[in-house]
Amino acid sequence: MSGNGGLSTGATPVRRILALGGHEFSSRPADRAVCELLLRLARERGGERPRVCILPTASGDPSELIASFYSAFAERPCEPSDVSLFRLGRRPLALRDHLLEQDLVYVGGGSMLNLLAVWEAHDIASILSLAWRRGIVLAGQSAGAMCWFEAGITKSSGKARAAAGLGLLSGSLCVHYNNEPERRAAYLDAVGDGMPGGYGLDDYAGLLWEGEGSPSAVTARRGARAYRVGSREGEVVESPLAARFLPAPAPAALREDIAEFRRIKTMRKRAGWLG
Amino acid sequence: MKTAPRQIVAFGGGGFSMESGNPLLDDYVLGLARAERPRICFLPSASGDADHYIVRFYRAFSAHRCEPSHVSLFRREQGPSDLRRHLLSQDLIYVGGGSVVSLLGVWRAHGIDSMLREAWESGVVLCGLSAGSLCWFAEAVTGFHGEPKRLRGLGLLPFSNCVHYERGSKRRQSYHRFLLEGMRGGYAAEDGAALHFVGEELSRVVASRPQARGYRLDVAGRRVVEMRIATTYLGDREAVPAAPLPEALATASAPG
């Protein structure tokens, strides 16, 4: 691999990862707020029409998730695509080239164990690590957030337990933090037993790493928080982080309604129905 | 203690996944089960546990003639908690098609590879099509994505394998090239043909279509030798539904 494949300028690209505790691609305000953040990060790298790609590997590439991703991004200025490793037979794709052409790669939730096993089988991890070093934003929720860390708490085998991740980010992450008490308890136990400390993320809370240093916390829902979790003198300490609130953009459907309403109003004015 | 024979039925393609309305191959594997109402477990891992595929399995293997189940490795919280016990208690394990690379990756992650070997050794019949055929062999030709590639399987059968072995197909050409490049000899099957192994020996080739065939491939000198294997069409009235097998095991041994 030649060293100048990524950038023509000498600047080192900023490495960015957005880890989300849990969300969906729906029209609910908090979900729209998360989408808006993903799009903003992609735009910062790729300009007005960034390329965003979903890797739904962790849940076995189900069509519902892929469809919800496309409907969330279809009406926004971007080029959405998906890489479905289980469906490549029907839609062949130059995996490496496609992933390295993206501005943002989003990894869906599901089984962290399966995610990493399938990535290993297809040699995806090295491509993603290169993408990260080239400044392509890596993002994801649940298993798709924990995979970037040294370790996470997965329920891939049924019960919540610790599992190793790719280790692009040091420390550990636990998702669905206060939403799944069993997972949080397993995390606190694991950190108490010597697993490297890290973060807990409620659904709709996120952490954004931009370059070196500490991440910034964001939240798309009031009450959803990010926590720093560590072990101090044999005791596990959990401290909430101050988070920036992500407002929800107006939904596309509403904008259409407004446009329709204005059209009718104008017509009525012209017809002299309204004062 | 008597041991049940180890059996694998590797479909080149066919069964409910590919031949809707033609149950000949599915009936054949079900007929190999020792029980009156066989326990059959579907492993759809190669498709990422696609819902529509699981539904089609339950429609094809309806509960009036067998005891069907499936294992979703992407949704472990919903399935049987003791996977090994569940797999070892089956009469038949049916592996679906899809990506064999992903299949083997996911299986390794959950330790399914060693459980399947154990199941095979204890007499559970293993079968499957496409990726679900390639996986049992030492080496395989996968054409799932892009150019056909060589791949290592679980190695229960010490041969190479190629599925969807149709005339003029890329897989066929690639298989021949791989053999010349040193891949071990093995077996290929066209869509509708299935290779039935008892132990590590090919016992017979059966087919759900009159023209479908299985093949033995080897290298002699610098040439690939392809031998067509006499195939039993299961739609013939005279066709024996299942190979005669040694006496049944009384019960599946309970895992320790």
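The model shown is predicted, which means the values in this text are computed figures rather than measured ones.

Asks: Go over the overall build of chain B with me, naming the residues and quoting the values.
Replies: A count of helices and strands for chain B gives seven helices and 14 strands. Its C-alpha radius of gyration of 17 Å places chain B within 12% of the 18 Å reference for a compact globule of 256 residues. Projected onto its principal axes, the C-alpha coordinates of chain B cover approximately 50 × 45 × 40 Å. The buried share of chain B, taken over its 256 residues, is 58%. Taking the contacts inside chain B whose residues are at least 6 apart along the sequence as the reference set, 69% of them involve residues at least 24 apart.

Asks: Describe the overall build of chain A, naming the residues involved and giving the relevant values.
Replies: A tally of helices and strands in chain A yields eight helices and 14 strands. Pairs at least 24 apart in sequence give 67% of the contacts found in chain A among residues at least 6 apart. Accessible area for chain A stands at about 12,800 Å²; split by element, carbon and sulfur atoms hold 49% of it.

Asks: For the interface of chain B and chain A, give the residues involved together with the corresponding values.
Replies: By a widespread convention, an interface's size corresponds to the accessible area lost as its parts come together. At the interface, 19 residues of chain B touch 24 residues of chain A. Carbon and sulfur atoms make up 59% of the surface buried where chain B meets chain A, a total of about 1,600 Å² over both sides. When the buried surface of chain B facing chain A is broken down by residue, F74, F144 and H145 of chain B rank first, second and third, together holding 35% of it. Where chain B meets chain A, there are zero salt bridges. Across the chain B-chain A interface, the total number found is four residue pairs in polar contact (both at pLDDT 80 or more).

Asks: Any details on the sheet that holds strand 2 (residues 51–55) of chain A? Residues and values, ideally.
Replies: Residues and elements named next belong to chain A. Judged by pairing direction, the sheet is mixed, and its eight strands sit side by side in the order 3-2-4-5-1-10-11-14 without closing on themselves. The sheet terminates laterally at strand 3 (79–82) and strand 14 (243–245), the two strands that pair on one side only. Pairs of neighbouring strands in the sheet enclose a mean axial angle of 20°, with direction left out of account.

Asks: So what's going on with the nonpolar core? Residues and values would help.
Replies: A general feature of soluble globular proteins is that nonpolar side chains tend to end up buried together. By size, the foremost hydrophobic cluster in this structure holds 119 residues, and its most contacted members are F73, W119 and W148 of chain A together with W107 and W136 of chain B. Per element, the largest residue contribution to this core is nine residues, and it comes from helix 1 (residues 29–46) of chain A. Once residues within four sequence positions are removed from consideration, W148 of chain A is found in contact with I17, V107, W119, L128, L138, A139, G140, L166, G167, L168 and L169 of chain A. Residues F42, Y53, F57 and V125 of chain B belong to the second largest nonpolar core, which totals 23 residues.

Asks: How would you summarise the packing of helix 4 (residues 100–110) of chain B against helix 5 (residues 112–121) of chain B if you had to cite specific residues and measurements?
Replies: Residue and element names in this part refer to chain B. Between helix 4 and helix 5, the shortest axis-to-axis distance is 6 Å and the interhelical angle comes to 85°. When the interaxial angle is binned, helix 4 and helix 5 end up roughly perpendicular. Facing W107, R108 and H110 of helix 4, the residues of helix 5 in contact are I112, D113, M115 and L116. Counted by class, the contact of helix 4 with helix 5 contains four nonpolar, one polar and two charged residues.

Asks: Break down the side chain of T219 of chain A for me, with residues and values.
Replies: All names here are of chain A. Position of T219 among the secondary structure elements: in strand 11 (residues 216–219). Only 2.8 Å separates the side chain of T219 from the backbone oxygen of R221, close enough to count as a polar contact. Apart from the residues lying within four places of it in its own chain, the contact partners of T219 are Y204, A205, A224, A243, R244, F245 and L246.

Asks: Lay out helix 4 of chain B with the relevant residues and their values.
Replies: Residue and element names in this part refer to chain B. The buried fraction of helix 4 amounts to eight of the 11 residues, a majority that puts the element mostly inside the structure. For helix 4, the full list of buried residues reads V100, S102, L103, L104, G105, V106, W107 and H110. Where helix 4 terminates, the next one or two residues include G111, which has phi positive at roughly 70°.

Asks: Explain the packing of helix 4 (residues 112–122) of chain A against helix 4 of chain B residue by residue, including any values.
Replies: The angle between the axes and the distance between the axes are what describe a pair of packed helices. The geometry of helix 4 of chain A relative to helix 4 of chain B is characterised by a closest axis approach of 8 Å and an angle of 135° between their N-to-C directions. Compared by their axis directions, helix 4 of chain A and helix 4 of chain B come out oblique. For the pair helix 4 of chain A and helix 4 of chain B, the crossing hand works out as right-handed. For the pair helix 4 of chain A and helix 4 of chain B, contact is made by L113, N114, A117, V118, A121 and H122 of chain A and by V101, S102, G105, V106, A109 and H110 of chain B, respectively. Considering only residue class, the contact of helix 4 of chain A with helix 4 of chain B consists of seven nonpolar, five polar and no charged.

Asks: Requested: an account of the pairing of strand 7 (residues 149–152) of chain B, with residues and values cited.
Replies: Residues and elements named next belong to chain B. With four bridges joining them, strand 6 (residues 137–142) and strand 7 adopt antiparallel strand pairing. Bridge pairing in strand 7 places A140 opposite L151. Linking strand 6 back to strand 7 in an antiparallel pair, the connection comprises six residues, with G146 at a positive phi of about 70°.

Asks: Which residues make up unusual backbone geometry, and what are the values?
Replies: All names here are of chain B. Located in the positive-phi region is D49, a residue other than glycine, with phi close to 60°. The residue D49 is located in the loop between strand 2 (39–43) and helix 2 (51–60) in this model. Exposure remark for D49: the relative accessible area of 1% places this residue in the buried category. One non-glycine residue, S130, lies in the positive phi region at around 55°. Mapped onto the secondary structure, S130 falls in the loop between strand 5 (125–129) and helix 6 (131–134).

Asks: Can you explain the sheet that holds strand 9 (residues 186–189) of chain B? Please cite residues and give values.
Replies: All names here are of chain B. Strands sit in the order 7-6-8-9-12-13 across an open sheet of six strands; the sheet is mixed. Two strands in the sheet have a free side with no partner beyond their single neighbour: strand 7 and strand 13 (223–229). Within this sheet the neighbouring strands show an average axis-to-axis angle of 25°, counted without direction. As judged from the seven bridges shared by strand 12 (residues 214–220) and strand 13, these two strands associate in the antiparallel manner. Within strand 13, the position partnered with V219 by the bridge is V224.

Parameters and conventions
- Residues numbered from 1 in each chain as written.
- Chains lettered and ligands numbered in written order.
- Predicted model: local features only at pLDDT ≥ 70, side-chain atom pairs only at ≥ 80, totals over all residues.
- Heavy atoms only, no water.
- Helix = DSSP H or I, 4+ residues; strand = E, 2+ residues; numbered from the N terminus.
- Rg over C-alpha atoms; globule rule 2.2 N^0.38 Å.
- Buried < 20%, exposed > 50% of the residue type's maximum accessible area, 1.4 Å probe, protein only.
- Contact = heavy atoms within 4.5 Å.
- Areas by Shrake-Rupley, 256 points an atom, 1.4 Å probe, with all protein chains shown as cover.
- Buried area = accessible area lost by both parts, 1.4 Å probe.
- Salt bridge = Lys/Arg side-chain N within 4 Å of Asp/Glu carboxyl O.
- Polar contact = N/O pair within 3.5 Å; in protein donor to acceptor, adjacent residues only side chain to side chain.
- Pairing = 2+ DSSP bridges.
- Axes fitted to C-alpha atoms, helices over the stretch in contact; angles between N-to-C directions.
- Core = buried A, V, L, I, M, F, W, Y, C linked by side-chain atoms within 4.5 Å.
- Parallel < 35°, antiparallel > 145°, perpendicular 65-115°, else oblique.
- Nonpolar A, V, L, I, M, F, W, Y, C, P; charged D, E, K, R; others polar.
- Left-handed = near helix turned anticlockwise from the far one by under 90°.

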